Amino acid sequence: MEASIKVAPQMPSTFKEFAGHVAPLDESCAAQLQTVHPLKQSELNYEQHRQNLNFQMLRNREGLAAPLKLTMELKSVSRVGHMPFLPSTNVARDVLMGRDELIDFTDMFNNDENSEFMRQPHAVMEKTLGIL
């Protein structure tokens, strides 16, 4: 049996940079932190884009009156007031948009704006009315 030939591993003297779109070309740390993923802007506008597509399909199927009526209802629902110390749940808006039975990420992980805390009603109303 012959003796096997062992090849010594060699390290390249220079590494080739990744030419893809994911890696930033600037080597400073600040530039790497400021790079934005290409899908970020698309994800930020996802709900608005989906709503526009739904309104367009509704207009094609039922005419201009249906999306116009729904838009007016959404605008009137957003103007409904409540006491400043009570958090708004936007239940009517969710019902109009068809999200009333949907459980998603925002329902599981509580944001600061949706947190369940009770502020002192008298102090909040005095501050709102400028009675302090």
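Just above sits the structure.
Residues numbered from 1 in each chain as written. Predicted model: local features only at pLDDT ≥ 70, side-chain atom pairs only at ≥ 80, totals over all residues. Heavy atoms only, no water.

Caption draft 1: The arrangement of the overall build of the protein chain in detail. Scanning the protein chain for helices and strands turns up seven helices and zero strands. Each helix and strand of the protein chain, ordered N terminal to C terminal, gives the series α-α-α-α-α-α-α. Relative to its full complement of 132 residues, the protein chain shows a buried share of 8%. A separation of at least 24 residues holds for 35% of the contacts in the protein chain among residues at least 6 apart in sequence. Summed over all atoms, the accessible surface of the protein chain reaches about 12,600 Å², with 58% contributed by carbon and sulfur. (Helix = DSSP H or I, 4+ residues; strand = E, 2+ residues; numbered from the N terminus. Buried < 20%, exposed > 50% of the residue type's maximum accessible area, 1.4 Å probe, protein only. Contact = heavy atoms within 4.5 Å. Areas by Shrake-Rupley, 256 points an atom, 1.4 Å probe, with all protein chains shown as cover.)

Caption draft 2: Broad picture of helix H4 (residues 65-78). With 14 residues, H4 should cover 20 Å at 1.5 Å per step; its first-to-last C-alpha distance of 20 Å lies within 8% of that length. Along H4, the residues classified as buried are Ala 66, Pro 67, Leu 70 and Leu 74. Summarising the axial view, the buried residues of H4 lie within an arc of 90 degrees, below the 170-degree limit, and thus occupy one face. Pointing more than 90 degrees away from the buried face of H4 are the exposed residues Ala 65, Lys 69 and Met 72. Residues of H4 that are buried make contact with helix H3 (46-62) and helix H5 (91-97). (Expected span 1.5 Å × (residues − 1). Arc of directions from axis to C-beta.)

Caption draft 3: Geometry of the pattern of salt bridges. What the rule picks out here adds up to four salt bridges. Residues Arg 50 and Glu 47 are paired through a salt bridge, measuring 3.7 Å at the closest nitrogen-oxygen approach. You can see Arg 50 and its partner Glu 47 sitting in helix H3, three residues apart, about one turn around the helix. Taking relative accessible area as the criterion, Arg 50 reaches 33% and is therefore assigned partly exposed. One salt-bridge network, in which partners are shared between bridges, spans Glu 47, Arg 50, Asp 94 and Arg 99. (Salt bridge = Lys/Arg side-chain N within 4 Å of Asp/Glu carboxyl O.)

Caption draft 4: The arrangement of the packing of H3 against H4 in detail. Direction vectors running N to C along H3 and H4 enclose 140 degrees, while the axes themselves pass 8 Å from each other. With respect to H4, the element H3 is oriented oblique. Of the residues in H4, those touching H3 at Gln 51, Phe 55, Leu 58, Arg 59 and Glu 62 are Ala 66, Pro 67, Leu 70, Thr 71 and Leu 74. Class assignment for the residues of the contact of H3 with H4 results in six nonpolar, two polar and two charged. (Axes fitted to C-alpha atoms, helices over the stretch in contact; angles between N-to-C directions. Parallel < 35°, antiparallel > 145°, perpendicular 65-115°, else oblique. Nonpolar A, V, L, I, M, F, W, Y, C, P; charged D, E, K, R; others polar.)

Caption draft 5: Quick peek at the environment of Val 77. With respect to the secondary-structure elements, Val 77 resides in helix H4. Once the C-alpha coordinates of Val 77 and Ala 92 are considered, the two residues, 15 residues apart in sequence, prove to be 6.6 Å apart.

Just distances and angles here, no functional claims.
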